[in-house]
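Chain by chain, the residues run as shown.
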There are 2 protein chains.
Amino acid sequence: MRFSFTLDATDGAARTGRIDTPRGAIRTPAFMPVGTAATVKAMLPEQVAETGADILLGNTYHLMLRPGAERVARLGGLHRFMNWDRPILTDSGGFQVMSLADLRKLTEEGVTFRSHVDGSKHVLTPERSMEIQRLLGSDIVMCFDECPALPATEERVAEAMRLSMRWAERSREAFGDRPGHALFGIQQGGVTRALREESAEALKSIGFEGYAIGGLAVGEGQEAMFGVLDYAPAMLPEDRPRYLMGVGKPDDILGAVKRGVDMMDCVLPTRSGRTGQAWTRRGQVNLRNARHAEDPRPLDEGCTCPACRGYSRAYLHHVVRAGEMIAGMLLTAHNLQYYQDLMAGMRGAIAEGRFAAFEADFHALRAEGDIERL
Amino acid sequence: MRFSFTLDATDGAARTGRIDTPRGAIRTPAFMPVGTAATVKAMLPEQVAETGADILLGNTYHLMLRPGAERVARLGGLHRFMNWDRPILTDSGGFQVMSLADLRKLTEEGVTFRSHVDGSKHVLTPERSMEIQRLLGSDIVMCFDECPALPATEERVAEAMRLSMRWAERSREAFGDRPGHALFGIQQGGVTRALREESAEALKSIGFEGYAIGGLAVGEGQEAMFGVLDYAPAMLPEDRPRYLMGVGKPDDILGAVKRGVDMMDCVLPTRSGRTGQAWTRRGQVNLRNARHAEDPRPLDEGCTCPACRGYSRAYLHHVVRAGEMIAGMLLTAHNLQYYQDLMAGMRGAIAEGRFAAFEADFHALRAEGDIERL
């Protein structure tokens with residue numbers, strides 16, 4: 001089976017459809033839980049699947065350092081290694097090598113750096129990134145790119161974008177012919193429309209199975225991000241999936257889908273779950289807060305997750321305060337369920353042409369408030 | 001339904017049977033996973049049930065301090081609070097107040113101490129311990145006792161035992177009439193046979209639904225423990241369950257069952273699971289060890305737990321090294337499964353009169369060795 005994208009319906013700029021891969025279908029708009037080090041933190045993979053996730057994201061940077069891409073390949077690939085048989089998207093390592101590694105040195109060739117795990121020296125180039133992602137067995141491979149840290153001058157952003165476009169060409173070349181697998185290009189250009197246009201044109205002239213919007217959600221704020229999303233998705237081919245990297249909070253996700261994004265990923269639901277934070281239809285809830293100590297109600301009575309089916313807020317408060325692992329396990333399960341429910345809700349709304357009503361309800365429930373009033 | 005114990009078969013001193021309670025049956029010999037703070041660490045309760053556990057242990061000391069017994073009662077009791085509807089045994093708090101609390105002061109009346117959580121002042125007496133265990137909704141309640149730290153002189157051990165017997169009488173009186181719930185007396189007396197006899201007689205003259213053997217597994221060593229177990233169980237009524245508190249490693253458990261023990265509890269399988277240690281039919285395995293890094297085999301190919309069904313030793317090694325929560329989740333599930341499988345194996349062997357052969361196989365497989373040769 002080949003990798004393919006089918007657009008089923010649109011509602012304004014919002015789209016719903018399906019990506020087919022040999023490992024299964026990905027319903028879009030899709031939210032991809034992050035499984036950085038071959039695990040979605042605090043979750044068993046079957047529990048992730050139960051939330052409705054069709055695809056996970058794995059981090060090339062982390063996996064190349066530990067346990068190592070060649071080792072994962074010898075053990076049968078990342079799917080088998082982590083016991084997840086549905087699609088996996090891997091990032092290229094480009095973003096994280098710049099934010100996590102030590103002593104990095106950037107050249108036209110690539111990036112040389114030291115591991116934050118053990119200090120060992122490594123090189124990442126477009127060619128090596130493609131090789132690592134192939135060894136991992138990734139279904140959706142990302143081009144190796146440079147995403148400059150903000151704040152950055154427009155000149156610096158332009159320079160990084162143009163380097164990323166040259167690397168995109170090398171990535172495409174190195175990726176080769178791999179039926180059933182996809183390579184996505186990454187649009188850069190910061191918040192500058194002309195640079196976004198230049199980047200989109202460069203990527204389209206190379207040609208990819210999908211297109212990501214990179215360089216957002218890096219501190220520019222929601223308004224600036226939505227400003228870019230008002231025009232950037234339309235610069236990319238309509239018949240290919242559009243992936244907004246590293247986004248975001250529920251309202252970021254809704255705003256991105258509204259503007260034509262098909263795929264997203266973010267550590268927020270998993271990370272929040274490990275610090276006592278829950279995301280619900282009525283907003284964010286801090287379970288550490290004393291007001292939950294005697295509350296017999298579930299976190300969200302409309303939610304089907306294990307936390308909401310089996311436990312009171314009082315219990316969640318107790319295990320958060322006591323530092324018990326079950327707190328992270330239950331709240332992560334809840335947060336991922338909420339995110340997947342949000343995606344399913346948007347898919348249904350787009351298919352039925354009622355996205356505007358869905359959006360209004362989303363904001364009304366959050367404004368009506370606080371979880372206290374459930 | 002009343003609390004009752006049925007002895008189904010014996011093989012030498014070893015016994016198998018069933019404890020019936022309104023919340024379900026407990027097959028004996030039984031191993032009780034420890035759910036100290038209203039959670040079996042790193043496990044969801046349905047996962048604990050899947051291992052075959054019929055009953056959990058909860059710690060009165062921890063629960064009285066956080067979230068508090070009155071709060072648990074207001075929230076519907078411990079079973080509902082922690083989402084576990086099968087039987088729960090609670091200890092009395094006596095052992096842990098002496099090992100964990102600050103500034104404790106022991107009198108005939110009870111123990112005054114400061115919480116290790118927040119420094120607040122508390123009093124535990126036989127009457128208060130019974131009240132707390134009633135508020136929690138415990139199915140099997142333990143008498144409040146004093147277990148002296150070792151090494152201790154025989155005089156000190158005798159003194160603590162006699163105080164515990166006076167407290168046992170007060171516990172029985174305070175427990176009252178609670179159909180469907182059981183109160184267990186605790187034999188003390190260290191490793192001195194005459195004191196064990198005196199304690200057993202005192203308890204029998206009061207009368208309990210079950211009898212625990214306390215004051216062992218506190219540093220005396222397996223040989224000394226087995227020395228006591230060679231005579232202590234026979235001092236207790238044959239028609240009541242016998243519970244050996246805080247034991248132990250797999251070979252401790254087998255030796256205790258061989259000597260007539262029906263119930264045990266220990267933090268070992270759960271605690272080990274959170275530090276990369278696995279218990280298997282072939283002995284203990286440290287997953288942190290580099291020899292597992294490329295090993296594609298499961299931890300134990302004969303095991304049905306989620307860790308052995310879905311993952312290689314290489315994966316377990318990776319997540320242990322990376323400090324991922326899934327390491328504790330999978331290894332705890334494995335260890336509890338191994339413990340329950342061991343109990344089920346012993347129950348079957350006793351029922352079929354082949355306990356000696358079971359014991360020989362148990363030791364042969366461990367001697368044959370190392371997990372490497374699986």
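Note that the coordinates shown come from a computational prediction; the quantities given were computed from them, not determined experimentally.

1. Quick look at the relation of the copies chain B and chain A
Link 1 in the chain: It takes a turn of 180° to lay chain B on chain A, together with a shift of 0.0 Å along the axis; the resulting RMSD is 0.0 Å. Seen this way, the second copy is the image of the first under a two-fold rotation axis. Considering only C-alpha atoms, the part of chain B nearest the rotation axis is M325 of chain B, at 3.9 Å.
Link 2 in the chain: Most of the interface of chain B is mirrored in chain A, where 100% of its interface residues are also at the interface.

2. Observations regarding the environment of S4 of chain A
Link 1 in the chain: Relative to the helices and strands, S4 of chain A resides in strand β1 (residues 4–11).
Link 2 in the chain: In contact with S4 of chain A, not counting residues within four places along its chain, are R18, I19 and D20 of chain A.

3. Re the UniProt feature "binding site: substrate" (unreviewed entry) in chain A
Residue and element names in this part refer to chain A.
Link 1 in the chain: Under the UniProt annotation, the feature "binding site: substrate" (unreviewed entry) is placed at D91, S92, G93, G94, F95, D145, Q188 and G215.
Link 2 in the chain: Turning to its location among the elements, G93 is positioned in the loop between β6 (88–90) and α5 (94–100).
Link 3 in the chain: Not counting residues up to four positions away in its chain, the partners in contact with G93 are T60, Y61, L124 and F144.
Link 4 in the chain: Looking at where G215 falls in the secondary structure, it is placed in the loop between β12 (210–213) and α9 (222–229).
Link 5 in the chain: Discounting residues that sit within four places of it in the chain, G215 has contacts with C147, Q188 and R196.

4. Considering unusual backbone geometry
Link 1 in the chain: With an omega dihedral of 0°, the bond running from T28 of chain A to P29 of chain A counts as a cis peptide bond.
Link 2 in the chain: Looking at the secondary structure, you find P29 of chain A in the loop between β3 (24–28) and β4 (30–32).
Link 3 in the chain: In the segment running from R66 of chain B into P67 of chain B, the intervening peptide bond is cis, with an omega of 10°.
Link 4 in the chain: Here P67 of chain B is to be found in the loop between α2 (60–65) and α3 (69–74).

5. What to know about the packing of aromatic side chains
Link 1 in the chain: Applying the stated criterion across every chain yields a total of 18 aromatic pairs over all chains.
Link 2 in the chain: Look at Y315 of chain A and F81 of chain B: their rings are 4.9 Å apart centre to centre, the planes differ by 80°, and that puts the pair in the edge-to-face class. Pair noted here: Y315 of chain A is in helix α14 (residues 313–321) and F81 of chain B is in helix α4 (residues 78–82), and the two residues belong to different chains. No difference in accessibility class separates Y315 of chain A from F81 of chain B, as the two residues are buried.
Link 3 in the chain: Taken together through their ring pairs, the aromatic side chains of F31, Y338 and Y339 of chain A make up a single cluster.
Link 4 in the chain: A cation over an aromatic ring shows up here: R259 of chain A above the ring of F226 of chain A, its NZ or CZ 4.0 Å from the ring centre.

6. Focus on the pairing of strand β16 (residues 283–286) of chain B
Residue and element names in this part refer to chain B.
Link 1 in the chain: The sheet contact formed by strand β15 (residues 277–280) and β16 spans four bridges and is antiparallel. Note on β16: the bridge partner recorded for T280 is G283.
Link 2 in the chain: Counted along the chain from β15 to the antiparallel partner β16, the turn is two residues long.

7. Regarding the UniProt feature "domain: tRNA-guanine(15) transglycosylase-like" (unreviewed entry) in chain A
Link 1 in the chain: UniProt records the feature "domain: tRNA-guanine(15) transglycosylase-like" (unreviewed entry) for residues 13–364 of chain A in the present numbering.
Link 2 in the chain: This span, residues 13–364 of chain A, is 44% helix and 18% strand, and a straight line between its end C-alpha atoms measures 22 Å.

8. Quick word on the confidence of the model for chain A
Note: predicted coordinates in regions of low pLDDT should not be interpreted at a detailed level.
Link 1 in the chain: Put simply, chain A has an average pLDDT of 96, and 98% of its residues get 70 or more.
Link 2 in the chain: As a predicted assembly, this complex carries a pTM of 0.98 together with an ipTM value of 0.97.

9. Some remarks on the domain arrangement of chain A
Residue and element names in this part refer to chain A.
Link 1 in the chain: When the domains of chain A are assigned, the result is domain 1 (4–265) and domain 2 (273–366).
Link 2 in the chain: Distance from the C-alpha centre of domain 1 to the C-alpha centre of domain 2: 27 Å.
Link 3 in the chain: Listed by partner, the interface residues are 29 residues for domain 1 and 27 residues for domain 2.
Link 4 in the chain: For the domain 1 and domain 2 pair, buried surface summed over both sides reaches about 2,300 Å², with 72% attributable to carbon and sulfur atoms.
Link 5 in the chain: Of all residues in domain 1, T51, P250 and L254 give up the largest surface area on contact with domain 2, accounting jointly for 28% of the area buried on that side.
Link 6 in the chain: Where domain 1 touches domain 2, the interface holds two salt bridges.

10. Quick word on the sheet that holds strand β9 (residues 121–124) of chain B
Residue and element names in this part refer to chain B.
Link 1 in the chain: Taken together, the three strands give an open sheet; going across it, the order is β7-β8-β9, and neighbouring strands pair in antiparallel fashion. Since the sheet does not close on itself, it has two edges, and those belong to β7 (102–106) and β9, each with one partner. Recorded for the sheet is a direction-independent mean angle of 15° between the axes of neighbouring strands.
Link 2 in the chain: Here three bridges tie β7 to strand β8 (residues 111–114), and the two strands are oriented antiparallel to one another. By the bridge assignment for β8, D102 is matched with R114.

11. Brief notes about the interface of chain B and chain A
Many authors give the size of an interface as the accessible area that is lost as the parts come together.
Link 1 in the chain: With 39 residues of chain B in contact, the opposing surface of chain A contributes 39 residues.
Link 2 in the chain: Across the interface of chain B and chain A, roughly 3,300 Å² is buried in total on both sides, 59% from carbon and sulfur atoms.
Link 3 in the chain: The largest contributions to the chain B side of the interface with chain A come from E294, H318 and M325 of chain B, which together make up 19% of the buried area.
Link 4 in the chain: At the boundary of chain B with chain A, the tally comes to six salt bridges.
Link 5 in the chain: The residue E294 of chain A makes a salt bridge to R71 of chain B at a minimum N-O spacing of 3.0 Å.
Link 6 in the chain: Taken together, chain B and chain A are joined by 12 residue pairs in polar contact (both at pLDDT 80 or more).
Link 7 in the chain: Counting residues per element, the ones that place at least two in the side of chain B that touches chain A are α1 (45–50), α3, α4, α14 (313–321) and α15 (325–351) of chain B.
Link 8 in the chain: Broken down by class, the residue content of the side of chain B that touches chain A amounts to 21 nonpolar, seven polar and 11 charged.

12. Examining the state of the cysteines
Residues and elements named next belong to chain B.
Link 1 in the chain: Taken as a whole and judged by the stated rule, the model has zero disulfides over all chains.
Link 2 in the chain: The structure places no disulfide on C308, whose sulfur is separated from the nearest cysteine sulfur, that of C305, by 3.8 Å.
Link 3 in the chain: For C308, a relative accessible area of 9% corresponds to the buried category.

13. Observations concerning the environment of R114 of chain B
Residue and element names in this part refer to chain B.
Link 1 in the chain: Along the chain, the position of R114 falls in strand β8.
Link 2 in the chain: Taking C-alpha positions, R114 is 6.0 Å from L103, a pair spaced 11 residues apart along the chain.
Link 3 in the chain: Leave out the neighbours within four places in its chain, and R114 touches Y61, A101, D102, L103, G119, S120 and K121.
Link 4 in the chain: Within the structure, the side chain of R114 is placed 3.2 Å from the backbone oxygen of G119, a separation counted as a polar contact.

14. Considering the sheet that holds strand β10 (residues 140–142) of chain B
Sheet strands pair via backbone hydrogen bonds, and the direction of the pair is either parallel or antiparallel.
Residues and elements named next belong to chain B.
Link 1 in the chain: Sheet architecture is open: eight strands sit in the order β4-β14-β13-β12-β11-β10-β6-β5, paired in parallel fashion. Each edge of the open sheet is held by one strand with a lone partner, namely β4 (30–32) and β5 (56–58). For this sheet, the mean inter-axis angle between neighbouring strands, taken without regard to orientation, is 25°.
Link 2 in the chain: For strand β13 (residues 242–244) and strand β14 (residues 263–265), the ladder comprises two bridges, and the chain directions are parallel. When the sheet's bridge partners are listed, L244 is paired in β14 with M264.
Link 3 in the chain: Helix α7 (residues 154–175) rests against β10 and β11 (182–187) of the sheet, and its axis sits at about 180° to β11.

15. Quick word on helix α11 (residues 250–258) of chain A
Residue and element names in this part refer to chain A.
Link 1 in the chain: With seven of nine residues buried, α11 lies mostly within the body of the structure.
Link 2 in the chain: Where α11 is concerned, the buried positions are P250, D252, I253, L254, G255, A256 and V257.
Link 3 in the chain: A positive phi of about 105° marks G260, the residue just after α11.

Scoring rules and cut-offs
- Residues numbered from 1 in each chain as written.
- Chains lettered and ligands numbered in written order.
- Predicted model: local features only at pLDDT ≥ 70, side-chain atom pairs only at ≥ 80, totals over all residues.
- Heavy atoms only, no water.
- Least-squares fit on C-alpha atoms with pLDDT ≥ 70 in both.
- Contact = heavy atoms within 4.5 Å.
- Helix = DSSP H or I, 4+ residues; strand = E, 2+ residues; numbered from the N terminus.
- UniProt positions renumbered as here; feature names shortened; annotations may be inferred.
- Phe/Tyr/Trp six-rings, centres within 6.5 Å; stacked < 30°, edge-to-face > 60°.
- Buried < 20%, exposed > 50% of the residue type's maximum accessible area, 1.4 Å probe, protein only.
- Lys NZ or Arg CZ within 6 Å of the ring centre and 35° of its normal.
- Pairing = 2+ DSSP bridges.
- pLDDT = per-residue confidence, 0-100.
- Domains from an automatic or database assignment.
- Buried area = accessible area lost by both parts, 1.4 Å probe.
- Salt bridge = Lys/Arg side-chain N within 4 Å of Asp/Glu carboxyl O.
- Axes fitted to C-alpha atoms, helices over the stretch in contact; angles between N-to-C directions.
- Polar contact = N/O pair within 3.5 Å; in protein donor to acceptor, adjacent residues only side chain to side chain.
- Nonpolar A, V, L, I, M, F, W, Y, C, P; charged D, E, K, R; others polar.
- Disulfide = S-S within 2.5 Å.

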